[in-house]
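Observations on the three-dimensional arrangement
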Amino acid sequence: MPASLASPSFRTVAIIGAGPAGLMAAETLLRQPSAPPVQVHVYDAMPSVARKFLLAGRGGLNLTHSEARERFVARYAVHATEVARWLDRFGPEDLRAWVHGLGIDTFVGTSGRVFPTDMKAAPLLRAWLHRLREGGVHFHMRHRWQGWGADSSLQFATPDGPHAIQPDALVLALGGGSWPRLGSDAAWVPWLAERGVEVVPLMPSNCGYEADWSAHFATRFAGQPLKSIAMTVQGSGQPFRAGECLVSTTGLEGSLIYALSAALRAQWMNDGEATVLIDLLPDVPAARVEAAVVAPRGSRSLSSHLQSRLGLAGAKAGLLRECVSKAVHDDPAQLARAIKACPVRLLRPRPLEEAISSAGGVALEACDAQLMLRALPGVFCAGEMLDWDAPTGGYLLTACLASGVVAGEGVQTWLEATVH
């Protein structure tokens, strides 16, 4: 028999998924007094909470971004309108204030990104979990959700055997399909689809893209950065974006590729491949590049000439040789244009399990404004399992936390409306 969490003296909420979105939903419920009070239970398949959050913070925990709201919201692209409503409840400044409330100072880096002063995720998580436990949140680790039973109870596999519960409300914060070894394995997709919830297929986001490198180029330049470049997706109509990326044995990866993730994915899905244009010298005007290229080079090789005149060397020069034909190299005017817009053909994204995040998930149209599933009253969704997308830079974490706030507030409203 399923264990009923119900009690005349309190209402119970089960939160499945102990990542940032689920934990924020729990905290939101703690902050809102109600009668009868709410008891919160958090379940997760892993032995400890927020594993992806901790791993993401190893290189410096990027909390959010300090840029103006309009530009910040635009980072969510086609889902900007929906995500903006979440940010109305918990935006970048709210996030920083919340972090400060945990006793963690923050600073704004030169890129505008916001970090904890010590750059680490673990101290913040420890302080957060302490507050949640002190507030009465119950944690149930190594509880792997396995869907609903015939009686609509929630089924779990645990070290002690099967376990079933029937809470008054449910928040699903199960993550997408990236980094499954940390818990986000997308096992939930068929269970929701079977219950009439629209789920958009999960796809890799913020990931590397594969290119058909020659063996020579891959061997010579894999692992080398392409710094001080600018990039756009050919045909997207978007301006060149400055930044850097990394040559890998299979293609390109890194922050600049991730920033173009949505446009790359759209072109790849439409055409079966995508092409980026890379300005190898964004700080050098096109006219100056052309003048340098056409200048007499005497007995020097073309490579030596470009290095002497423009400082074009290393991985940048190698990429130009790899992606531009001999005919273009032999035509100074065409070569100058290629230096300012070197075409790199990308065949496919790297696999979903390697991606930093995933696109797709529960369609936002399947949820009401408080992120309750229209097909399943009393069931709310939060975090990356919803169908929205964002580049790295603090945008992912901010929206995950904001969605947790919205879902937590939605649960409270639902419980108040269904008091018996």
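None of these values were measured; they are calculated from a predicted model. (Residues numbered from 1 in each chain as written. Predicted model: local features only at pLDDT ≥ 70, side-chain atom pairs only at ≥ 80, totals over all residues. Heavy atoms only, no water.)

**Focus: the pattern of salt bridges**
Evaluation of the coordinates by the stated rule reveals 16 salt bridges. Residue arginine 131 is joined to glutamate 27 by a salt bridge in which the shortest nitrogen-to-oxygen separation is 2.8 Å. Taken as a pair, arginine 131 in helix H6 (residues 122-134) and glutamate 27 in helix H1 (residues 20-31) lie far apart in primary sequence, 104 residues in all. A residue is classified by how much of its surface remains accessible, and glutamate 27, at 5% relative accessible area, is buried. Beyond isolated ion pairs, a larger network of salt bridges with shared partners links Glu210, Arg348, Arg350 and Glu354. (Salt bridge = Lys/Arg side-chain N within 4 Å of Asp/Glu carboxyl O. Helix = DSSP H or I, 4+ residues; strand = E, 2+ residues; numbered from the N terminus. Buried < 20%, exposed > 50% of the residue type's maximum accessible area, 1.4 Å probe, protein only.)

**Here's the deal with unusual backbone geometry**
For arginine 142, which is not glycine, the phi dihedral falls at a positive 55°. You can see arginine 142 is positioned in the loop between strand S7 (138-140) and strand S8 (144-148). With a phi angle near 50°, serine 228 is a residue other than glycine that sits in the positive phi range. With respect to the helices and strands, serine 228 occurs in strand S14 (residues 225-233). Judged by its relative accessible area of 47%, serine 228 is partly exposed.

**Considering the sheet that holds S7**
Here five strands make up an open sheet; going across it, the order is S7-S3-S2-S11-S20 and the pairing parallel. A single partner strand is all that each edge strand has here, and the edge strands are S7 and strand S20 (379-381). Here the strands of the sheet are splayed against their neighbours by 20° on average, with no regard to which way each runs. Helix-sheet contacts for H1 involve strand S2 (11-16), strand S3 (38-43), S7 and strand S11 (169-172), and the interaxial angle to S2 is about 165°. (Pairing = 2+ DSSP bridges. Axes fitted to C-alpha atoms, helices over the stretch in contact; angles between N-to-C directions. Contact = heavy atoms within 4.5 Å.)

**Points about the environment of phenylalanine 115**
Tracing the chain through its elements places phenylalanine 115 in strand S6 (residues 113-116). Overall, phenylalanine 115 belongs to the buried group, its relative accessible area being 13%. Along the primary structure phenylalanine 115 and tryptophan 86 are separated by 29 residues, whereas in three dimensions their C-alpha atoms are 21 Å apart. Here phenylalanine 115 is in contact with Gly60, Leu61, Asn62, Leu63, Asp105, Thr106 and Phe107, once residues within four sequence places are set aside.

**Remarks on helix H15 (residues 332-340)**
Among all positions in H15, only Leu335, Ala336, Ala338, Ile339 and Lys340 are buried. Residues of H15 that are buried in the fold lie against strand S17 (274-279), helix H11 (286-294), helix H12 (302-310), helix H13 (314-323), helix H14 (326-329) and strand S18 (342-349).

**Examining the nonpolar core**
The biggest cluster of nonpolar side chains holds 90 residues, and the ones touching the most others in it are Leu192 and Val362. It is helix H16 (residues 395-417) that provides the largest number of residues to this core, a total of twelve residues. Contacts of leucine 192, omitting those with residues within four sequence positions, involve Trp148, Leu172, Val197, Val199, Val362, Leu373, Leu376 and Met385. Ranked by size, the runner-up nonpolar core spans 46 residues in total, among them Leu226, Val247, Leu281 and Val328. (Core = buried A, V, L, I, M, F, W, Y, C linked by side-chain atoms within 4.5 Å.)

**Some details on the side chain of glutamate 67**
Along the chain, glutamate 67 turns up in the loop between strand S4 (64-65) and helix H3 (69-74). A residue is classified by how much of its surface remains accessible, and glutamate 67, at 15% relative accessible area, is buried. Side chain to side chain, glutamate 67 and tyrosine 395 meet in a polar contact 2.7 Å long. Not counting residues within four places of it along the chain, the set of residues in contact with glutamate 67 comprises Phe72, Arg75 and Tyr395. (Polar contact = N/O pair within 3.5 Å; in protein donor to acceptor, adjacent residues only side chain to side chain.)

**Quick notes on the sheet that holds S4**
Strand order in the open sheet made by the three strands is S4-S6-S5, with antiparallel pairing throughout. Among the strands making up the open sheet, the edge pair consists of S4 and strand S5 (106-108). With three bridges joining them, S5 and S6 adopt antiparallel strand pairing. Pairing of threonine 106 across the sheet is with proline 116, part of S6.

**Let's talk about the packing of H1 against H6**
Contact pair H1 / H6: the axes reach a minimum separation of 10 Å and the direction vectors enclose 40°. With respect to H6, the axis of H1 lies oblique. You can see that H1 and H6 cross each other, and the crossing is left-handed. Every residue of H6 that contacts H1 at Pro20, Leu23, Met24, Ala26, Glu27 and Leu30 is listed here: Leu125, Trp128, Leu129, Arg131 and Leu132. Looking at the contact of H1 with H6 residue by residue, the class counts come to nine nonpolar, no polar and two charged. (Parallel < 35°, antiparallel > 145°, perpendicular 65-115°, else oblique. Left-handed = near helix turned anticlockwise from the far one by under 90°. Nonpolar A, V, L, I, M, F, W, Y, C, P; charged D, E, K, R; others polar.)

**Description of the pairing of strand S15 (residues 241-247)**
Note: S14 against S15, five bridges, orientation antiparallel. Residue pairing for S15: proline 225 is matched across the bridge by leucine 246. One ladder, built from two bridges, connects S15 with strand S16 (residues 251-253); its direction is antiparallel. For leucine 246, the partnering residue across the bridge sits in S16 and is glutamate 253. Between S15 and S16, which follow one another and run antiparallel, lie three residues.

**Some words on the state of the cysteines**
Counted under the stated rule, the structure contains zero disulfides. Cysteine 323 carries a free sulfur, and the closest cysteine sulfur to it, the one in cysteine 342, is 4.7 Å from it. Not engaged in a disulfide, the cysteine cysteine 381 finds its nearest cysteine sulfur in cysteine 367; these two sulfurs lie 5.1 Å apart. By relative accessible area, cysteine 381 is classed as buried at 0%. (Disulfide = S-S within 2.5 Å.)

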